[in-house]
Amino acid sequence: MGGTRAPRLHLALLGVFVSVSLLSLSTPTLQDQDYYPTNPRLFKAYIALQKWKHSITDDPHNVTASWCGPDVCKYEGVFCAPAPGDPHELTVAGVDLNKKNIEGTLPDELGLLCDLALFHLNSNRFCGTIPESFREMKLLHELDVSNNRLEGPFPGVVLDIPSLKFLDIRFNRFHGDIPSRLYDLKFDAIFLNNNEFKSSIPDNFGNSPVSVIVLANTQIGGCLPTSLGNMAKTLSEIIIMNTGVRSCIPPELGKLKELRVLDLSYNKLVGPLPETLGYLRKLEQLDVAHNHLSGEIPESICELPRLKNFTYSYNYFCGAPEMCLKIKRKDDRKNCIPYRPLQRPEEQCMAALSRPVHCSAYGCMASPPPPPPPAHYPYYSPPLPSPPPPSPPPPPHYY
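Calculation criteria
- Residues numbered from 1 in each chain as written.
- Predicted model: local features only at pLDDT ≥ 70, side-chain atom pairs only at ≥ 80, totals over all residues.
- Heavy atoms only, no water.
- UniProt positions renumbered as here; feature names shortened; annotations may be inferred.
- Helix = DSSP H or I, 4+ residues; strand = E, 2+ residues; numbered from the N terminus.
- Core = buried A, V, L, I, M, F, W, Y, C linked by side-chain atoms within 4.5 Å.
- Buried < 20%, exposed > 50% of the residue type's maximum accessible area, 1.4 Å probe, protein only.
- Contact = heavy atoms within 4.5 Å.
- Pairing = 2+ DSSP bridges.
- Disulfide = S-S within 2.5 Å.
- Patch = residues over 30% accessible without salt bridge, like charges linked within 9 Å, V, L, I, M, F, W, Y side chains within 5 Å.
- Areas by Shrake-Rupley, 256 points an atom, 1.4 Å probe, with all protein chains shown as cover.
- Salt bridge = Lys/Arg side-chain N within 4 Å of Asp/Glu carboxyl O.
- Axes fitted to C-alpha atoms, helices over the stretch in contact; angles between N-to-C directions.

As recorded in an unreviewed UniProt entry, the chain goes by the name Cell wall hydroxyproline-rich glycoprotein, listed as coming from Colocasia esculenta.

If you want it as structure tokens, here you go:
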């Protein structure tokens, strides 16, 4: 009889344990409620971020160690905010993993973060490309994937993100052509520098309403289009450094009344500095060094009230007004300017100044050639006048 009581007691205790377990599952604690996603948006974010975590191959700062469980708002580098149209519901609004040195790829599931407003990923080691699913991020305002190892053609998906205003893909390995459609969209800032693009600056470049655009250290080539003048209302900073651009500097640049920074250095620009640059009253930095520019520096440029840095070294300028010497930071080395130190040798100056300037050689609008060097230029001797034509022979005499 005692043998039958023990099994019954075990069964009774097991029944109590099961009942308590079921009761605990049917009435979750506050901690359990926090553990589960509270809405479909956060559930999608959980799927996306877990997939991304498994696409990461090296995380030296252990950032994703906190990416456990569906409470994505507590993940390091992930930021939540009230959902658009429903202030009582949270959603993932931002991801910021700048300077974490993370290695991995960007999975397609990131497109599930459809309420994302900013995606900052600079200074990591992500490879691959930007997924096509990013076009589902209809609210994305800032995309910064600079200083990674991304590659492939220009990520055309960024052209289909309707709210995108800030695009930074510099210091990657993107290659090929830059689509001209980029300049017809409503971006505020574009950074494309230090990639492997081989492109040119299209005629519709001036359609862009950007305040800042950087195209440095990539193979652009071609001309500086006259349409640059159409950016007068918004453009504050433009850097087209070391791109291989070959043309004269269009006088239309003088229309850019909001411009503060103009860097055209390390190119193959020819001809004079346009007098119209003297209209850029807000200009603070002007760099045209390491080109093939010539003629005299217009005095109106050196009189600009906010100009603090003027670099025009390594050109063939043959004159600069005294006003230019008063600029706080200036560099006029390796030119052909009389009585200034560290200028080019006489042979280089004579050879360069004797060559005509052709702004139309690369399909650009022609610009007038620079004026001849001033008469006091020590290396310059005005050409001797042509000798008069020989007198005609006297008429024959008939006797």
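That shown, we press on.
Caption draft 1: Inspection of the UniProt feature "domain: Leucine-rich repeat-containing N-terminal plant-type" (unreviewed entry) in the chain at higher detail. The UniProt record marks residues 48-80 with the feature "domain: Leucine-rich repeat-containing N-terminal plant-type" (unreviewed entry), using the residue numbering of this structure. As annotated, residues 48-80 has a helix share of 18% and a strand share of 18%, and its two end C-alpha atoms lie 15 Å apart.

Caption draft 2: Quick look at the nonpolar core. Counting 83 residues, the largest nonpolar core has Trp52 and Phe119 as the members making the most contacts within it. Elements with a contribution of two residues or more to this core: α3 (40-53), β3 (86-96) and α4 (299-302). Looking at which element gives the most residues to this core, the answer is α3, with five residues. Leave out the neighbours within four places in its chain, and Phe119 touches Trp52, Val95, Leu106, Leu110, Phe134, Leu140, Glu142, Leu143, Asp144 and Val145. Counting residues in each nonpolar core, the second largest holds six residues, with Ala189, Phe191, Ala216 and Ile239 among its members.

Caption draft 3: The arrangement of the sheet that holds strand β18 (residues 292-296) in detail. Here three strands make up an open sheet; going across it, the order is β16-β18-β20 and the pairing parallel. Each having just a single partner strand, β16 (270-271) and β20 (316-319) make up the two edges of the open sheet. Pairing geometry for β18 and β20, over three bridges, is parallel. Residue pairing across strands places Ser294 opposite Tyr316, the latter belonging to β20.

Caption draft 4: Looking closely at unusual backbone geometry. The residue Asn62 is not glycine, and still its phi comes out positive at about 60°. For Asn62, a relative accessible area of 52% puts it in the exposed group.

Caption draft 5: Structural detail: the state of the cysteines. All told, the structure shown has three disulfides when counted by the stated rule. Across the disulfide, Cys302 is cross-linked to Cys324 (sulfur-sulfur distance 1.8 Å). Where Cys302 bonds to Cys324 through sulfur, the torsion about that S-S bond is close to 75°, and the disulfide is right-handed. Placement of the pair is Cys302 in helix α4 and Cys324 in the loop between β20 and β21 (329-331), with a sequence separation of 22 residues. The exposure classification of Cys302 matches that of Cys324, with both residues buried.

Caption draft 6: View of a nonpolar patch on the surface. Taken together, Phe43, Ile47 and Leu112 make up a surface patch of nonpolar side chains, about 240 Å² in accessible area. As for its position among the elements, Phe43 is in helix α3. Taking the relative accessible area as the measure of exposure, Phe43 reaches 43% and is therefore partly exposed.

Caption draft 7: Seen up close, the pairing of strand β8 (residues 149-153). As defined by bridge partners, strand β6 (residues 125-128) adjoins β8 across two bridges and the pair is classed as parallel. Within the sheet, the bridge partner assigned to Cys127 lies in β8 and is Arg149. Note that β8 and strand β10 (residues 173-176) share three bridges and pair parallel. Paired with Gly152 across the two strands is Phe174, which belongs to β10.

Caption draft 8: Fine view of the sheet that holds β21. The mixed open sheet is built from twelve strands, whose spatial order is β2-β3-β5-β7-β9-β11-β13-β14-β15-β17-β19-β21. Lying at the two open borders of the sheet, with one neighbouring strand each, are β2 (78-83) and β21. With direction set aside, neighbouring strand axes in the sheet form an average angle of 10°. With three bridges joining them, strand β17 (residues 285-287) and strand β19 (residues 309-311) adopt parallel strand pairing. When the sheet's bridge partners are listed, Leu286 is paired in β19 with Phe310.

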